[in-house]
Amino acid sequence: EVQLVESGGDLVQPGGSLRLSCAASGFTFSSYWMHWVRQAPGKGLVWVSFINTDGSNTDYADSVKGRFTISRDNAKNTLYLQMNSLRADDTAVYYCARLIGGSGWTPFDYWGQGTLVTVSS
Amino acid sequence: DIVMTQSPDSLAVSLGEGATINCKSSQSVLYSSNSKNYLAWYQQKPGQPPKLLIYWASTRESGVPDRISGSGSGTDFTLTISSLQAEDVAVYYCQQYYSTPFTFGQGTKLEIK
């Protein structure tokens, strides 16, 4: 059974940092591009970032570019999101998601349950 | 960036009746080389992550009931639920995966009348 389990969400002050993790199981993690998507409380879905299978190709939403870094450890079957210079508008549930078919431009067939990041003083 | 616009924002339908949600993209998401529309629909219930319903605009994900269908091409797409059931109450999102940033519609809240 495919499972994605996020962790690392917390209450952090503006300007602070946080690292999110997404532990994957039930599939060959190293064969799949992975994404982060976030959802502010009561709001819609917003794509954040993606990483290819070996980490050589990444992309970010303009709103997080230069502040967030996506990475992965295929030996540990884990996806990461390093979040720096956090702002109040980064407050959201952060989901990791897997692509159908593993790579390329396809939709997300599995999502984690999400981890809540709250940026507030 | 491709902007996705859904209509209506909310919809109330009687049990057993049909529901239609529209999604319009600011540019075509039809890739000419493979004739595929890079458009998906998701369902999200409170406290849960989104669930993939439809991809390539009209391909039903495994396990999705056949009363849920998708149609459209280019820039205009539709999600249709033919006979509303209580478990269909949710927020529905369209998403384009034609290019990054992948973008979602603002969501349509479907309720029972």
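As a reminder, the structure under discussion sits directly above these lines.
Residues numbered from 1 in each chain as written. Chains lettered and ligands numbered in written order. Predicted model: local features only at pLDDT ≥ 70, side-chain atom pairs only at ≥ 80, totals over all residues. Heavy atoms only, no water.

Caption draft 1: Molecular detail of the side chain of Arg98 of chain A. Residues and elements named next belong to chain A. Summarising the element assignment, Arg98 is placed in strand β9 (residues 92-99). Only 2.7 Å separates the side chain of Arg98 from the side chain of Asp109, close enough to count as a polar contact. Among all residues touching Arg98, those that are not within four sequence positions of it are Val2, Leu4, Phe27, Tyr32, Trp33, Met34, Pro107, Phe108, Asp109 and Tyr110. (Helix = DSSP H or I, 4+ residues; strand = E, 2+ residues; numbered from the N terminus. Polar contact = N/O pair within 3.5 Å; in protein donor to acceptor, adjacent residues only side chain to side chain. Contact = heavy atoms within 4.5 Å.)

Caption draft 2: Structural detail: the packing of aromatic side chains. By the definition in use, this model includes 18 aromatic pairs over all chains. With centroids separated by 6.0 Å and ring planes inclined at 85 degrees, the aromatic side chains of Tyr38 of chain B and Tyr98 of chain B adopt a geometry described as edge-to-face. Within this pair, whereas Tyr38 of chain B is found in the loop between β5 (36-37) and β6 (39-44), its partner Tyr98 of chain B is found in the loop between β11 (90-96) and β12 (103-104), the two being separated by 60 residues in sequence. Residue Tyr38 of chain B is classed as buried on the basis of its relative accessible area of 8%. Here a set of aromatic residues connected by ring pairs shows up, and it is made of Trp33, Trp47, Phe50, Tyr95, Trp105, Phe108 and Trp111 of chain A together with Tyr42, Phe102 and Phe104 of chain B. The ring of Phe29 of chain A has Arg72 of chain A lying over it, and the distance from NZ or CZ to the ring centre is 4.3 Å. Geometry around Trp56 of chain B places Lys36 of chain B over its ring, the cationic atom sitting 4.5 Å from the centre. (Phe/Tyr/Trp six-rings, centres within 6.5 Å; stacked < 30°, edge-to-face > 60°. Buried < 20%, exposed > 50% of the residue type's maximum accessible area, 1.4 Å probe, protein only. Lys NZ or Arg CZ within 6 Å of the ring centre and 35° of its normal.)

Caption draft 3: Seen up close, the pattern of salt bridges. Residues and elements named next belong to chain B. Counting across every chain of the model gives nine salt bridges over all chains. Taking the shortest distance from any N to any O, the salt bridge between Arg67 and Asp88 comes out at 2.5 Å. On the criterion of sequence distance, the pair formed by Arg67 in the loop between β8 (59-60) and β9 (68-73) and Asp88 in the loop between β10 (76-81) and β11 is long-range, its members being 21 residues apart. Both residues of the pair, Arg67 and Asp88, count as buried. (Salt bridge = Lys/Arg side-chain N within 4 Å of Asp/Glu carboxyl O.)

Caption draft 4: Quick peek at a nonpolar patch on the surface. A cluster of nonpolar side chains, Leu15, Val89 and Ile112 of chain B, forms an exposed patch at the surface whose accessible area comes to about 230 Å². One can find Ile112 of chain B in strand β13 (residues 108-112). (Patch = residues over 30% accessible without salt bridge, like charges linked within 9 Å, V, L, I, M, F, W, Y side chains within 5 Å. Areas by Shrake-Rupley, 256 points an atom, 1.4 Å probe, with all protein chains shown as cover.)

Caption draft 5: View of the interface of chain B and chain A. If you look at the interface, chain B gives 20 residues, while chain A gives 21 residues. For the pair chain B and chain A, the two sides together bury roughly 1,700 Å², of which 68% comes from carbon and sulfur. The largest per-residue losses of area from chain B upon contact with chain A belong to Pro49, Phe102 and Phe104 of chain B, which jointly make up 33% of the total buried on that side. Along the contact surface separating chain B from chain A lie zero salt bridges. Taken together, the connections running from chain B to chain A amount to five residue pairs in polar contact (both at pLDDT 80 or more). (Buried area = accessible area lost by both parts, 1.4 Å probe.)

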